[in-house]
Amino acid sequence: MNDHIKIGILIPKSQQYPTLDKDFIRGIKLNNLNVKFFVESIGIGADEKIIIDKIQKLNFQEEVSIIIGFFGHNNMDQVYEYASKNDVLLIASDLGATIPYGSIAHKGVYINSLGLTESCYHLGHYLTTKNYKKIATSTSYYDSGYGMLSAIEHAFHNDTNFSGHYITPFIPREDEAVHMNQSISIQEPDAVFAFYSGLYAEENAAFINQNKIIQKYPFYVTPFFINDKILEEYKNNPHELYVVGSWMQDDSQSVDFDTEYKNTYSESPSAFSILGYESGLLLKNILNNTNDNPKIDVLINEINKLNITGPRGTIQFDADTNRTIFDHYIYKLNIDSLSNLSFIKIETLANDGHFIKAITSYNEPVKFGGWQNAYLCH
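Residues numbered from 1 in each chain as written. Predicted model: local features only at pLDDT ≥ 70, side-chain atom pairs only at ≥ 80, totals over all residues. Heavy atoms only, no water.

A. Structural context of the overall build of the protein chain. When helices and strands are counted, the protein chain shows 12 helices and 14 strands. Over its C-alpha trace the protein chain gives a radius of gyration of 21 Å, about what one expects of a compact globule, namely 21 Å for 378 residues. For the protein chain, the spread of C-alpha atoms along the principal axes amounts to about 60 × 50 × 40 Å. Counting every position in the protein chain, which comprises 378 residues, the buried fraction comes to 56%. Of the contacts formed within the protein chain by residues at least 6 apart in sequence, a portion of 71% connects residues at least 24 apart. Accessible area of the protein chain: about 16100 Å², with a carbon and sulfur share of 46%. Distance between charge centroids for the protein chain: 2 Å, based on 29 positive and 45 negative side chains. (Helix = DSSP H or I, 4+ residues; strand = E, 2+ residues; numbered from the N terminus. Rg over C-alpha atoms; globule rule 2.2 N^0.38 Å. Buried < 20%, exposed > 50% of the residue type's maximum accessible area, 1.4 Å probe, protein only. Contact = heavy atoms within 4.5 Å. Areas by Shrake-Rupley, 256 points an atom, 1.4 Å probe, with all protein chains shown as cover. Lys, Arg positive; Asp, Glu negative; His and termini not counted. Charge placed at Lys NZ, Arg CZ, Asp CG, Glu CD.)

B. Fine view of the sheet that holds strand β13 (residues 328-335). Taken together, the 7 strands give an open sheet; going across it, the order is β7-β6-β8-β9-β10-β13-β14, and neighbouring strands pair in mixed fashion. The open sheet is flanked by β7 (161-168) and β14 (341-349), the only strands paired with a single partner. Each neighbouring strand pair of the sheet contributes to a mean axis angle of 25°, computed without reference to strand direction. Relative to strand β10 (residues 241-245), strand β9 (residues 219-221) runs parallel, the two sharing 3 bridges. Paired with V221 across the two strands is V243, which belongs to β10. On the sheet, helix α5 (residues 148-155) packs against β6 (134-140), β7 and β8 (191-195) and is oriented at approximately 145° with respect to β8. Contacting β9, β10, β13 and β14, helix α8 (residues 228-236) crosses the sheet at an angle of about 55° to β13. (Pairing = 2+ DSSP bridges. Axes fitted to C-alpha atoms, helices over the stretch in contact; angles between N-to-C directions.)

C. Region of interest: a nonpolar patch on the surface. On the surface, a nonpolar cluster with roughly 440 Å² of combined accessible area is contributed by Y141, I167, F170 and I171. Residue I167 is classed as partly exposed on the basis of its relative accessible area of 35%. (Patch = residues over 30% accessible without salt bridge, like charges linked within 9 Å, V, L, I, M, F, W, Y side chains within 5 Å. Salt bridge = Lys/Arg side-chain N within 4 Å of Asp/Glu carboxyl O.)

D. Representation of empty space enclosed by the protein within the structure. Under the defined criterion, the tally for this structure stands at 1 cavity of 30 Å³ or more. What the largest cavity holds in volume is close to 30 Å³. Y80, S103, I104, A105, H106, V109, I111, T321, N322 and R323 are the residues that line the largest cavity. Along the lines of polarity and charge, the residues of the lining of the largest cavity split into 5 nonpolar, 4 polar and 1 charged. (1 Å grid on protein atoms, 1.4 Å probe; cavity = no way out; pocket = protein on both sides within 12 Å on 5 of 7 lines; lining within 4 Å. Points joined across faces, edges and corners; volume = space filled by probe spheres on them. Nonpolar A, V, L, I, M, F, W, Y, C, P; charged D, E, K, R; others polar.)

E. Quick look at the layout of surface pockets. Reported here for the largest pocket is a volume of approximately 970 Å³. Looking at the lining of the largest pocket, the elements with two or more residues in it are α7 (198-211), α8, α10 (271-289) and β14. The element best represented in the lining of the largest pocket is α7, accounting for 4 residues. By volume, the second largest pocket is sized at about 710 Å³. If you trace the second largest pocket, you find 45 residues lining it, with H73, T98, I99, P100 and R323 closest to the centre.

F. Region of the structure containing the sheet that holds strand β1 (residues 6-11). Strand order in the open sheet made by the 5 strands is β2-β1-β3-β4-β5, with parallel pairing throughout. Whereas interior strands pair on both sides, the edge strands pair on one side only; in this sheet they are β2 (36-41) and β5 (109-113). Across the sheet, the axes of successive neighbouring strands diverge by a mean angle of 20°, strand direction being ignored. In this structure, β1 lies alongside β2, joined through 6 bridges in parallel fashion.

G. Region of interest: the environment of P172. Mapped onto the elements, P172 comes out in the loop between β7 and α6 (176-185). Counting along the chain gives 87 residues from P172 to T259, while the straight-line C-alpha distance between them is 40 Å. Among all residues touching P172, those that are not within four sequence positions of it are E203 and F207.

H. Representation of α10 within the structure. For α10, which comprises 19 residues, the first-to-last C-alpha distance of 27 Å matches the rise-based estimate of 27 Å (1.5 Å per residue) to within 8%. A large share of α10 lies buried, amounting to 15 of its 19 residues. With a side-chain oxygen lying 3.2 Å from the backbone nitrogen of F272, the N-terminal cap of α10 falls on S270. Backbone geometry just after α10 places N291 at a positive phi near 55°. (Expected span 1.5 Å × (residues − 1). Polar contact = N/O pair within 3.5 Å; in protein donor to acceptor, adjacent residues only side chain to side chain.)

Below you can see the structure in the form of structure tokens.
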């Protein structure tokens with residue numbers, strides 16, 4: 001690859017995860033792309049006008065026509081439409097915290113997601129197959145404004161239903177741990193579906209350490225629920241904890257990526273790292289296969305044929321949605337005789353993409369509720 005090829009990177013900032021931008025860019029650069037990078041900030045990823053302005057700047061001022069971006073969900077179709085109409089190859093990453101109702105495919109725009117809501121949808125099916133009838137939910141005021149609850153509900157059938165919702169107020173009460181315990185316990189659920197992120201995951205850990213609610217029920221959680229405080233509590237009180245996701249650190253499938261990342265940066269990769277890495281990896285392959293030909297139609301033709309192996313499995317884009325499709329997994333917390341903690345993959349939730357295909361083909365007007373900012377960015 002020649003360093004005359006210019007690559008734009010659009011990246012948000014996050015108070016919840018202040019290393020988001022660094023992790024994402026480190027992931028991209030781990031591929032050793034011999035290109036010139038141009039990096040622009042897009043705030044909290046909530047304003048489509050800012051994102052389009054930055055695409056214009058990269059495209060017209062720096063003559064960049066290949067852009068990797070980490071985005072939210074608010075009015076993103078306007079961004080995708082702009083990039084497509086202006087012959088910009090846009091590789092978009094997101095956490096998939098909302099359900100992309102009616103989000104059509106745009107020529108030259110490809111979306112690689114961590115798939116949080118997709119994970120929740122498949123978890124809903126899994127809980128149904130286990131004949132769980134009553135599912136309690138536990139989340140924060142912030143996290144509840146995204147699409148996780150709606151996604152899992154899409155999958156419920158066979159009399160599986162929510163038994164109730166516990167949501168931590170934006171300003172918790174002094175005895176919030178007691179309220180949490182009472183709210184969940186009175187439901188007598190078969191399992192608890194819990195999702196928290198960032199500062200709210202830390203806050204939740206403090207409540208759980210007080211009320212010991214984890215000792216009563218199996219908890220099914222998203223990856224951002226996990227933090228050192230939670231793990232310490234589970235180490236002291238071993239109980240059932242399951243994480244649903246398309247990737248976790250030290251997954252045997254991504255061991256090469258994990259090792260290379262740790263050797264290069266002396267830190268473990270995050271979810272943001274892997275999204276950056278996959279973006280760089282697919283770009284590296286299509287540039288190699290086109291002999292560094294930067295013409296958009298040539299690159300699009302190559303990316304449509306893409307079929308490579310990455311840390312989460314095969315990376316390729318579905319022809320109908322221009323989105324990656326990965327399997328999702330359930331990981332169980334394991335504690336060995338020396339009290340070492342690890343997550344063991346116990347279930348594969350096979351994904352043929354039908355949920356996202358159905359959602360993106362939804363042609364009724366949808367009024368979007370909840371927050372506008374990219375998940376974890378505020």
